[in-house]
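This is what each chain is made of:
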Amino acid sequence: MKKTPVFLESLVTNMLRLRAICPFSWRVFQFRPISCEPLIIQMNKCTDEEQMFGFIERNKAILSEKQVGCAFDMLWKLQKQKTSLLKNAEYVRDHPQFLTLHNLATNKFKLMNDDTLVNVLYVTQQFAGEAHDPLVEALVTEAWRRLERFDIKLLSEFSSCLADQHLYFSPLMGKIADIVHRNLETTQDLRLKSTMLLMSEDLTGEQALAVLGAMGDMESRNSCLIKRVTSVLHKHLDGYKPLELLKITQELTFLHFQRKEFFAKLRELLLSYLKNSFIPTEVSVLVRAISLLPSPHLDEVGISRIEAVLPQCDLNNLSSFATSVLRWIQHDHMYLDNMTAKQLKLLQKLDHYGRQRLQHSNSLDLLRKELKSLKGNTFPESLLEEMIATLQHFMDDINYINVGEIASFISSTDYLSTLLLDRIASVAVQQIEKIHPFTIPAIIRPFSVLNYDPPQRDEFLGTCVQHLNSYLGILDPFILVFLGFSLATLEYFPEDLLKAIFNIKFLARLDSQLESIGGMDGTQQQIFKMLAEVLGGINCVKASVLTPYYHKVDFECILDKRKKPLPYGSHNIALGQLPEMPWESNIEIVGSRLPPGAERIALEFLDSKALCRNIPHMKGKSAMKKRHLEILGYRVIQISQFEWNSMALSTKDARMDYLRECIFGEVKSCL
């Protein structure tokens, strides 16, 4: 379920109304059954939706707010067991007794505790099909009213619900970020104190899992604490569900835990679950966990289990499987045995079913629901082109409701499709009044990332910026800077946005967030040595140079008017270090400080992230950096990693000749 852009306006109105109400307790008149436990036990015994709906119909007059929350939870648990989630969700939301439950929640949500409230919001969003759902609006409004008392876990869950509505840049999301920021120190202290208190007694399996999650959040690698927690986890390992086992695997991997006995038991347990699982999502979770283990090898039985569920998988499952299989192949590539061949065949099958699912898509709405939790940059390369073709097929269905979501997905793909971007620009111009202002940054982003100007560029950008102008003061500072950056890559500089960013008060808030850039990695050090040979010594090349406007240049050299390298003398920075200060910031053009006829050269090595995935087209960030360096007086040489790592440059001599051609010849770009 996706919210319409008008949602936030009515949300604010309702908040103001709530604050005007006198703070009398709404719990004065509560009528509950003598015991709610028998009803909850009955619900837990339901094995399908029909039994649940029959239960709701029989007991609707006596259900408490706790039981209403439990009913939503049970319906969602049953839903997750289905092979066709989208089809079953439609059946559930259209059932008369789901409407009854919906109405009960509308009448009782103020009585719900915080956890139940947020959980009902999440489940309602999963089932609701309307563009505007009054219950969701009411639940969010109530959650906003209680926001200050939510703990970190609940804030996280609530923010996920807002993200599902694409309210990434809303004042409410900003409020959540503010609460987290204000209470971060306190939160960490409390968690540590709670952890130490738990250490004084025997932890339960659930407590150990909670402590492990807190340690991951805090990046705490205290070896004694990890040892104690994993000891408890090991004792309770048989009792954890697949999703909990995935969480344990992820957290321990992140915390660099390396006890072989623990991982051996974890692997054995995951494999036993896998052999008996027939639900695609559960199989996907188990396979993902196995792929993260120190020895992620999967046997034939495991591969057969994946193959058995492939016809039932959605795009998220297929993408997750592909990522896991690629991890196995990367780990096992040195053996090149029969199992690796089977993994390669499995990849081909994943590709086949992915293409089949895309080709059989008959609705953009159904497709985008599968895409909402899928990142374009993790989507298998072999399927990306088919995905773009499918989106192009549904291009006319892109409108004010889904344009932000489609734009966000395209931004993450690194795939330049001018047809899709032109359609997004057209929808933004024609339907701007229906688009929520906080969706504008997401709409602009793919044009910036992919370095593309639509035919109606000025009208498109002008319309978007004008629609957002009156909201600049309430945008999160980082979002505002990010928006400014996106527009700068497109060489578009609206006056109101510049005034909002470039003032002392605003810049002071950002100043503490700035940090220095790190040194060189092994590849850069290798290139540095080659450049030193080409130019005649390490005193003729600088590494990791900061310009007056804090662009980092990979390597810099200076040639005189006869194209002879000029040494830097005693001012050269050490290998892998940054200069303590950039050049004097009042220099208008760097070249004015050089001897007559000399030129300053910047050599930039572009990795795969600097280019579109489908064509060698430079993305916006690198293109803007090149323009800025040229304004500062540089001749910019950009070398693609694809060129640098090509067969033609497979030897050191070939690379040395290539660098000489770039530096001393007429080559301006080596893409």
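Definitions and cut-offs
Residues numbered from 1 in each chain as written. Predicted model: local features only at pLDDT ≥ 70, side-chain atom pairs only at ≥ 80, totals over all residues. Heavy atoms only, no water. Core = buried A, V, L, I, M, F, W, Y, C linked by side-chain atoms within 4.5 Å. Buried < 20%, exposed > 50% of the residue type's maximum accessible area, 1.4 Å probe, protein only. Helix = DSSP H or I, 4+ residues; strand = E, 2+ residues; numbered from the N terminus. Contact = heavy atoms within 4.5 Å. Axes fitted to C-alpha atoms, helices over the stretch in contact; angles between N-to-C directions. Parallel < 35°, antiparallel > 145°, perpendicular 65-115°, else oblique. Left-handed = near helix turned anticlockwise from the far one by under 90°. Nonpolar A, V, L, I, M, F, W, Y, C, P; charged D, E, K, R; others polar. Pairing = 2+ DSSP bridges. pLDDT = per-residue confidence, 0-100. Salt bridge = Lys/Arg side-chain N within 4 Å of Asp/Glu carboxyl O. Phe/Tyr/Trp six-rings, centres within 6.5 Å; stacked < 30°, edge-to-face > 60°. Expected span 1.5 Å × (residues − 1). Right-handed = clockwise from strand over helix to strand, strands pointing away.

1. Considering the nonpolar core
Looking at soluble globular proteins, one finds that nonpolar side chains tend to be buried together.
Now for step 1: Residues L391, I424 and F460 are the most contacted members of the largest nonpolar core, which totals 55 residues.
Now for step 2: If you list the elements that add at least two residues to this core, you get helix 19 (364-371), helix 20 (381-393), helix 21 (403-413), helix 22 (418-430), helix 23 (440-449), helix 24 (457-468), helix 25 (477-489) and helix 26 (495-501).
Now for step 3: For this core, the leading source of residues is helix 22, giving seven residues.
Now for step 4: Those residues in contact with F460, other than ones at most four positions away along the chain, are A425, A428, V429, I443, F447 and P454.
Now for step 5: Grouped together as the second largest cluster of nonpolar side chains are 48 residues, L39, L63, A105 and L139 included.

2. Some thoughts on the packing of helix 23 against helix 24
Now for step 1: Put simply, helix 23 and helix 24 touch, their axes get as near as 10 Å, and they point 155° apart. By the angle between their directions, the pair helix 23 and helix 24 is classed as roughly antiparallel. Helix 23 and helix 24 meet at a crossing whose hand is left-handed. The residues of helix 24 that touch helix 23, namely those facing I440, P441, I443, I444 and F447, are F460, C464, H467 and L468.
Now for step 2: By residue class, the composition of the contact of helix 23 with helix 24 is eight nonpolar, one polar and no charged.

3. Quick look at the sheet that holds strand 2 (residues 552-559)
The pairing of strands in a sheet comes from backbone hydrogen bonds and takes either a parallel or an antiparallel form.
Now for step 1: Taken in spatial order, the four strands line up as 1-2-3-4 in an open sheet, and their pairing is mixed. Every other strand in the sheet has two partners, leaving strand 1 (542-546) and strand 4 (634-640) as the edge strands with one partner each. Averaged over neighbouring strand pairs, the angle between their axes works out to 40° when direction is ignored.
Now for step 2: Running at roughly 155° to strand 4, helix 29 (residues 620-631) makes contact with strand 2, strand 3 (599-606) and strand 4 of the sheet.
Now for step 3: Helix 31 (residues 652-664) contacts strand 2, strand 3 and strand 4 of the sheet and is inclined by roughly 150° relative to strand 4.

4. Structural notes on the confidence of the model for the chain
Now for step 1: Averaged over every residue, the pLDDT of the chain is 79; residues scoring 70 or more account for 79%.
Now for step 2: For the chain, helix 1 (residues 7-20) is the element with the lowest average pLDDT, namely 42, and helix 22 is the one with the highest, namely 97.

5. Structural notes on the packing of helix 3 (residues 49-59) against helix 6 (residues 96-108)
Now for step 1: At their nearest, the axes of helix 3 and helix 6 sit 9 Å apart, and the two run at 55° to each other. Relative to helix 6, the element helix 3 lies oblique. With respect to the hand of their crossing, helix 3 and helix 6 are arranged in left-handed fashion. Seen from helix 3, the contacting residues are F53, I56 and E57; seen from helix 6, they are Q97, F98, T100 and L101.
Now for step 2: A per-class count over the contact of helix 3 with helix 6 returns four nonpolar, two polar and one charged.

6. Some points on the pattern of salt bridges
Now for step 1: Evaluation of the coordinates by the stated rule reveals 26 salt bridges.
Now for step 2: Between D414 and K619 there is a salt bridge whose closest N-O contact spans 2.8 Å. Here D414 is found in the loop between helix 21 and helix 22, whereas its partner K619 is found in the loop between strand 3 and helix 29, with 205 residues between them in sequence.
Now for step 3: Put simply, E599 and K563 hold a salt bridge, and the shortest N to O gap is 3.7 Å. Placement of the pair is E599 in strand 3 and K563 in the loop between strand 2 and strand 3, with a sequence separation of 36 residues.
Now for step 4: In this structure K563 comes out as partly exposed when scored by relative accessible area, which is 31%.
Now for step 5: If you follow the salt bridges from partner to partner, you end up with D114, E142, R145, R146 and R149 in one network.

7. Describing unusual backbone geometry
Now for step 1: The residue H256 is not glycine, and still its phi comes out positive at about 60°.
Now for step 2: Assignment of secondary structure puts H256 in the loop between helix 13 (242-254) and helix 14 (260-275).
Now for step 3: When its relative accessible area of 56% is taken as the criterion, H256 is described as exposed.
Now for step 4: Positioned with a positive phi, K563 is a non-glycine residue whose angle comes to about 65°.

8. What to know about the packing of aromatic side chains
Now for step 1: Under the defined criterion, the tally for this structure stands at 13 aromatic pairs.
Now for step 2: Seen from their ring centres, F98 and F127 are 5.5 Å apart, and the 65° between their planes marks the pair as edge-to-face. In this pair, F98 sits in helix 6 while F127 sits in helix 7 (residues 114-127), placing the two residues 29 residues apart along the sequence. Per residue, the accessibility class of F98 equals that of F127, and both read buried.
Now for step 3: Judged by centre distance (5.6 Å) and plane angle (90°), the rings of F257 and F262 are edge-to-face.
Now for step 4: Three or more aromatic residues link up through ring pairs in this structure, and these residues are F72, W76, F98, Y122 and F127.

9. Comments concerning the environment of F642
Now for step 1: On the secondary structure map, F642 appears in helix 30 (residues 641-644).
Now for step 2: When the C-alpha positions of F642 and L606 are compared, they lie 8.8 Å apart, and in sequence the two are 36 residues distant.
Now for step 3: Setting aside chain neighbours within four positions, we find F642 in contact with S608 and L611.

10. A short note on the pairing of strand 2
Now for step 1: Most of strand 2 is tucked away, with eight of its eight residues classed as buried.
Now for step 2: Relative to strand 3, strand 2 runs antiparallel, the two being bridged by five bridges. When the bridges of strand 3 are listed, I558 appears paired with R600.

11. Notes on helix 14
Now for step 1: With 16 residues, helix 14 should cover 22 Å at 1.5 Å per step; its first-to-last C-alpha distance of 23 Å lies within 8% of that length.
Now for step 2: Every buried residue of helix 14 is listed here: F262, F263, L266, L269, L270, L271 and L274.
Now for step 3: For helix 14, the elements touching its buried residues are helix 12 (223-236), helix 13, helix 15 (280-292) and helix 16 (300-309).

12. Focus on the pairing of strand 3
Now for step 1: Of all the eight residues making up strand 3, six are buried; the element is thus mostly covered by neighbouring parts of the structure.
Now for step 2: Relative to strand 4, strand 3 is paired through seven bridges, and the arrangement is parallel. Bridge assignment links R600 to a residue of strand 4, and that residue is Y634.
Now for step 3: In this view, the connection linking strand 3 to its parallel neighbour strand 4 by way of helix 29 has right-handed handedness.

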